[in-house]
Amino acid sequence: KWYNTWRTFKHASGQIEIKKLTYWYSKDIPVIKDFNLKLKWNNVTALVWNSWSWKTTLMKLIAWYIRAGKWNIIVDWQKLKDISLKSYYKNIGYLTQEPSVFDWSVLDNLTYAIERDLKNWELDKILKQSKCEFIYDLQNGLETEIWERWIRLSWWQKQRLAIAKIMLKDPKIILLDEPTSALD
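First things first, this report covers the structure right here in the doc.

Parameters at a glance
Residues numbered from 1 in each chain as written. Predicted model: local features only at pLDDT ≥ 70, side-chain atom pairs only at ≥ 80, totals over all residues. Heavy atoms only, no water. Buried < 20%, exposed > 50% of the residue type's maximum accessible area, 1.4 Å probe, protein only. Helix = DSSP H or I, 4+ residues; strand = E, 2+ residues; numbered from the N terminus. Contact = heavy atoms within 4.5 Å. Core = buried A, V, L, I, M, F, W, Y, C linked by side-chain atoms within 4.5 Å. Salt bridge = Lys/Arg side-chain N within 4 Å of Asp/Glu carboxyl O. Patch = residues over 30% accessible without salt bridge, like charges linked within 9 Å, V, L, I, M, F, W, Y side chains within 5 Å. Areas by Shrake-Rupley, 256 points an atom, 1.4 Å probe, with all protein chains shown as cover.

We now examine helix α1 (residues 55–63). Counting buried residues along α1, seven of its nine residues qualify, which places the element largely inside the surrounding structure. The set of residues buried in α1 consists of K55, T57, L58, M59, L61, I62 and A63. Summarising the contacts, the buried residues of α1 are in contact with β1 (16–26), β2 (29–39), β3 (73–75), α2 (85–89), β5 (92–95) and β6 (173–176). Within two residues after α1, W64 carries a phi angle of roughly 65°, on the positive side.

Have a look at this one:
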């Protein structure tokens, strides 16, 4: 509904403000109730709490993967509910603790969100930085088809690909939800 409508998101600094956010999976027990938080631009902020609490839900709300019942999430002085998702998604990167891959080649999985010409040296550099050298050991390297029909990647390999993918995208705002939980 909001993917390509409303106003275009304009990145300024990456400041995020949450005002009176309430979210529930069932109407009886809210997971988050009247929550307020201000994340200043150019800072790294860590949210630490018990497992199975509200951290992933909050990340999904900021990434706008889910929508709260009562909320005001403001990014760069723009309310998320007033901007198009398409323009917002171009500016954010969201790394989850359970990354997924598509039934495509490794290269397609890495580059589907890239909207610029990608140089071979840039790709090689990112693969080394994200410790994805295992790709070169696959039967067809970057052209290897992955997921159910061809080969199945391990949990840590999918996490490494997700890290490489976000590094290639180079978004203005990065949301990390335990993206290295399966890495040694």
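The structure having been displayed, the exposition proceeds.
Counting 26 residues, the largest nonpolar core has L21, I62, I73, V75, L80 and Y88 as its most contacted members. Per-element accounting of this core gives the leading share, five residues, to α1. When sequence neighbours within four positions are dropped, the list of residues in contact with V75 reads F9, Q15, I16, L80, Y88 and I173. Listed in part, the 17 residues of the second largest apolar core include C132, I135, A164 and L168.

Looking now at the pattern of salt bridges. With the rule as written, the count across this model stands at three salt bridges. With a shortest N-O distance of 3.9 Å, E115 and K90 are connected by a salt bridge. Here E115, found in the loop between α3 (106–111) and α4 (120–129), pairs with K90, found in the loop between α2 and β5; they are 25 residues apart in sequence, far enough to count as distant. Judged by relative accessible area, E115 falls into the exposed class, the value being 65%. A salt bridge links R116 to E122, with the shortest nitrogen-to-oxygen separation between them at 2.6 Å.

Side chains of F102, W104 and Y112 sit close together on the surface and give an oily, nonpolar patch of about 290 Å² of accessible area. Its relative accessible area of 43% is what places Y112 among the partly exposed residues.

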